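Chain by chain, the residues run as shown.
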Amino acid sequence: MSESDGSNAVELALAMGFALAGVCGARESEHRVEFDRWLAQGKHGSMGYLERHADLRADPRRVLAGARSILLVADQYARRGERDPDLPSAHGRIARYARGRDYHRVMKRRLHALADALRPRYPGAEFRAFVDTAPILEREHAARAGLGWIGKHTLLIHPARGSWLLLGGILSTADLRPSDPPRPFPDHCGTCTRCIDACPTHAITPYSVDASRCIAYLTIERRAPIDPEFFPAIGPLIFGCDICQEVCPHNSGRSDTFDAGEPAPEYAPRRDSFDLLEVLGWTPDDHRDAVRGTALGRARPDMLKRNAAIAAGNALRGRDIPALRARLEQLTRDEGEPDLVKDACRMVLDRVRASR
Ligand code: SF4
Ligand code: SF4
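A. Up close: the domain arrangement of the chain. Assigned domains of the chain: these are domain 1 (9–79 + 100–172) and domain 2 (194–354). Centre-to-centre, using C-alpha coordinates, domain 1 lies 26 Å away from domain 2. Between domain 1 and domain 2 lies a buried interface of about 3100 Å² when both sides are counted; carbon and sulfur atoms form 56% of it. For domain 1, the biggest contributors to the area lost against domain 2 are Arg-79, Lys-152 and Trp-164; these three give 21% of the whole.

B. Expanded view of the site of ligand 1. Close to ligand 1 lie Cys-199, Pro-200, Thr-201, Ile-204, Cys-214, Ile-215, Cys-241, Ile-243 and Cys-244, which account for all nearby residues. Looking at side-chain class alone, the shell around ligand 1 contains eight nonpolar, one polar and no charged residues.

C. Structural view of the sheet that holds strand E7 (residues 165–172). What the four strands build is an open sheet, ordered E1-E2-E7-E4; its pairing is antiparallel. Two strands bound the open sheet, and with one partner strand each, they are strand E1 (20–25) and strand E4 (127–130). Taken pair by pair, the neighbouring strands of this sheet meet at an average axis angle of 20°, ignoring direction. Contacting strand E2 (69–76), E4 and E7, helix H6 (residues 103–118) crosses the sheet at an angle of about 30° to E7.

D. A look at a positive patch on the surface. A cluster of basic side chains, namely Arg-101, Arg-105, Arg-109 and Arg-270, defines a positive patch on the protein surface. Within the fold, Arg-270 resides in the loop between helix H11 (243–246) and strand E11 (273–275).

E. Expanded view of empty space enclosed by the protein. This structure, assessed with the given rule, holds one cavity of 30 Å³ or more. If you add up the space inside the largest cavity, you get close to 50 Å³. Around the largest cavity sit Phe-231, Pro-232, Ile-310, Gly-313, Asn-314, Arg-317, Val-348 and Arg-351, which together line it. Mapped by element, the contributors of at least two residues to the lining of the largest cavity are helix H10 (231–234), helix H14 (301–318) and helix H16 (339–354). At four residues, the largest contribution of residues to the lining of the largest cavity is made by H14. Looking at the lining of the largest cavity residue by residue, the classes come out as four nonpolar, two polar and two charged.

F. Highlighting the layout of surface pockets. Approximately 230 Å³ is the volume attributed to the second largest pocket. In terms of lining residues, the second largest pocket is bounded by 15 residues, among which Tyr-77, Ala-78, Glu-82, Arg-96 and Pro-269 are the most central. Residues of the lining of the second largest pocket, tallied by class, amount to eight nonpolar, no polar and seven charged. Mapping the lining of the second largest pocket onto the domain boundaries places at least three of its residues in each of domain 1 (9–79 + 100–172) and domain 2 (194–354).

The rules behind each value
- Starting from 1, residues in each chain are numbered consecutively following that chain's sequence as written.
- Each chain gets a letter, beginning with A, and each ligand a number, beginning with 1, in the order they are written.
- Local features in this predicted model are restricted to residues whose pLDDT is 70 or higher, and side-chain atom pairs enter the listing and the counts only when it is 80 or higher, whereas totals over whole chains, interfaces and linings include all residues.
- Excluded from the side-chain calculations are hydrogens and water; all other atoms, namely the structure's heavy atoms, are used.
- Domain delimitation follows an automatic or database domain assignment.
- Joining two parts hides part of their accessible area as seen by a 1.4 Å probe, and the buried area is that hidden amount summed over both.
- Note on definitions. A residue lies near a molecule or strand when any single heavy atom of the residue is within 4 Å of it.
- Each residue is assigned to one of three groups, with Ala, Val, Leu, Ile, Met, Phe, Trp, Tyr, Cys and Pro labelled nonpolar, Asp, Glu, Lys and Arg labelled charged, and all others, Gly among them, labelled polar.
- Think of it this way: DSSP has to see at least two bridges between two strands before they count as a pair.
- Secondary structure is summarised from DSSP: a helix means a run of H or I of at least four residues, a strand means a run of E of at least two, and numbering begins at the N terminus for each.
- Every axis corresponds to a line fitted to the C-alpha atoms, with the helix fit spanning only the stretch in contact, and the corresponding angles, defined between N-to-C directions, vary from 0 to 180 degrees.
- Any two residues whose heavy atoms approach within 4.5 Å at even a single point are treated as in contact.
- Patch criteria: residues need more than 30% relative accessible area and no salt bridge. Like-charged residues are merged within 9 Å; nonpolar side chains of Val, Leu, Ile, Met, Phe, Trp and Tyr are merged within 5 Å.
- Here the Shrake-Rupley method, with its probe set to 1.4 Å, supplies the accessible areas, and only the displayed protein chains count as covering residues.
- A carboxyl oxygen of Asp or Glu within 4 Å of a side-chain nitrogen of Lys or Arg is what we treat as a salt bridge.
- Neither His nor the chain termini are counted; the positive set is Lys and Arg, and the negative set is Asp and Glu.
- Throughout, a charge is located at the NZ atom of Lys, the CZ atom of Arg, the CG atom of Asp or the CD atom of Glu.
- Cavities and pockets were defined on a 1 Å grid built from protein atoms only: a cavity is a group of points that admits a 1.4 Å probe but offers it no way out, a pocket is an open group of points flanked by protein on both sides within 12 Å along at least five of seven lines, and a lining residue is one with an atom within 4 Å of any such point.
- Grid points are joined across faces, edges and corners, and a volume is the space filled by probe spheres set on the points.

Right, here's the structure in full:
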């Protein structure tokens, strides 16, 4: 395949609906030392797979033998400058990326189609699509491929589109690099510290996030009880946290001078929150129906109930909501509920009583 035939891998990716695409060489991470230090400090929390796969993650050629290049793509899931709707009383908020269709499925389908389109052009080459499914440092490679820069909150930011982006890609033994690759974007964070100042758990130091303190980790990845130290900071958040992105100036204000892009239609929000009383009363079938087709399925049912109990406790500290308090009390006595839920309800009620 020649680079001048107008159908290179990046153009194909953009034609398939990805918001951004770029290619970089498959090479060792430049941040292995920092990553190892981060792991040694326990900042990955209970995500043991990050430690187990550290060697693979550090070099994509260990994930796919003979890999020569990585095609990185991004889907945009929210509109820059779009204000998050106000949260109704006693509701739990879910992160923006989980409000529409599950990005894993959406992106995988397009990536597989893209790989199928590339195969005949590179006979004998291997193509491996990934969306959170392989130990690949997507953000670092995406920055090298010219999709944006990595902000102080460690997320990828495109200068026009902002950071409401989901990343995926294709690792290949073919050399997909164009003859005239785009230059990586410079860091536009400058002296800004908004994300660091706004983070409710003080998880961010410039260009590093202590995942063990991050609400996204606590509510989605952590399967054990959450330390009550974090309860107030979690506020109404029951699945993920967008605070560091909401405050970023690169996600606010649209300009007539650049194309800020539009979210892909698949990510049109179905809902932005759940009634806490409803979540605390879910049966397994209710849970299945509520999360079907979205990324919310990443958190187990008992984790979502635990999170809803914490958010309910925060709602009750503002004012008494008898039905919500009664549901928490009932859950502490429900033998059918997992310990994770019962223990969270007990801790929450203790704190509510102590605050009165
Ligand atoms: S997602 Fe929330 S808790 Fe995590 S670093 Fe950003 S602001 Fe902090
Ligand atoms: S809030 Fe400021 S420091 Fe943080 S990522 Fe955005 S521009 Fe960078």
